[in-house]
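# Chain and residue survey
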Amino acid sequence: MPEDEQQHDAAIVAFPNSNERRLRIALRNLDAALEEQRQAVAAFRAELAQLGSAMQGLGASAQGLQDRLFEVAEDNALAHQAAQRLQQTAAAMDRVTCDA
């Protein structure tokens with residue numbers, strides 16, 4: 001048998017895809033894509049939950065900072081009032097010593 005005939009006999013013949021087979025392949029690919037999408041949506045939801053937690057923490061920190069700044073402003077106002085009273089007292093004492 002010539003070498004060309006031996007190669008021809010060993011060739012694989014591809015069967016044409018039937019409509020059913022193509023449909024099964026398409027459905028398998030669709031199922032795989034849907035599973036990937038489910039996983040992506042689950043991961044996205046998990047990231048959103050983490051973001052929500054981070055935002056709550058940030059909100060609590062911002063509220064704590066605002067409360068602390070309010071306290072500092074009150075302390076500053078009290079210190080300012082005390083300084084004004086001291087200045088008035090010093091001015092009054094200065095007048096008394098100057099008059100004497």
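These numbers were taken from a predicted model, which means no experiment stands behind them. (Residues numbered from 1 in each chain as written. Predicted model: local features only at pLDDT ≥ 70, side-chain atom pairs only at ≥ 80, totals over all residues. Heavy atoms only, no water.)

Attention now goes to the overall build of the chain. The secondary structure content of the chain amounts to two helices and zero strands. Considering the chain as a whole, with its 100 residues, one finds that 0% of them fall into the buried category. As displayed, the chain offers around 9300 Å² of accessible surface, 59% of which is attributable to carbon and sulfur atoms. (Helix = DSSP H or I, 4+ residues; strand = E, 2+ residues; numbered from the N terminus. Buried < 20%, exposed > 50% of the residue type's maximum accessible area, 1.4 Å probe, protein only. Areas by Shrake-Rupley, 256 points an atom, 1.4 Å probe, with all protein chains shown as cover.)

All right, on to the pattern of salt bridges then. With the rule as written, the count across this model stands at three salt bridges. For Arg 24, the salt bridge goes to Glu 20, with nearest N and O atoms at 3.6 Å. Taken together, the positions of Arg 24 and Glu 20, both in helix H2 (residues 19-99) and four residues apart, correspond to about one turn of that helix. For Arg 24, a relative accessible area of 43% gives the class partly exposed. Between Glu 71 and Arg 68 there is a salt bridge, with the nearest N and O atoms lying 3.2 Å from each other. Taken as a pair, Glu 71 and Arg 68 lie in helix H2 at a separation of three residues, close to a single helical turn. Given a relative accessible area of 38%, Glu 71 falls into the partly exposed group. (Salt bridge = Lys/Arg side-chain N within 4 Å of Asp/Glu carboxyl O.)

A cluster of nonpolar side chains, namely Phe 44, Leu 48, Leu 51, Met 55 and Leu 58, defines an oily patch on the protein surface of about 530 Å² accessible area. With respect to the helices and strands, the residue Phe 44 is situated in helix H2. The class of Phe 44 is exposed, set by a relative accessible area of 53%. (Patch = residues over 30% accessible without salt bridge, like charges linked within 9 Å, V, L, I, M, F, W, Y side chains within 5 Å.)

What is shown is where atoms sit, not what they do.
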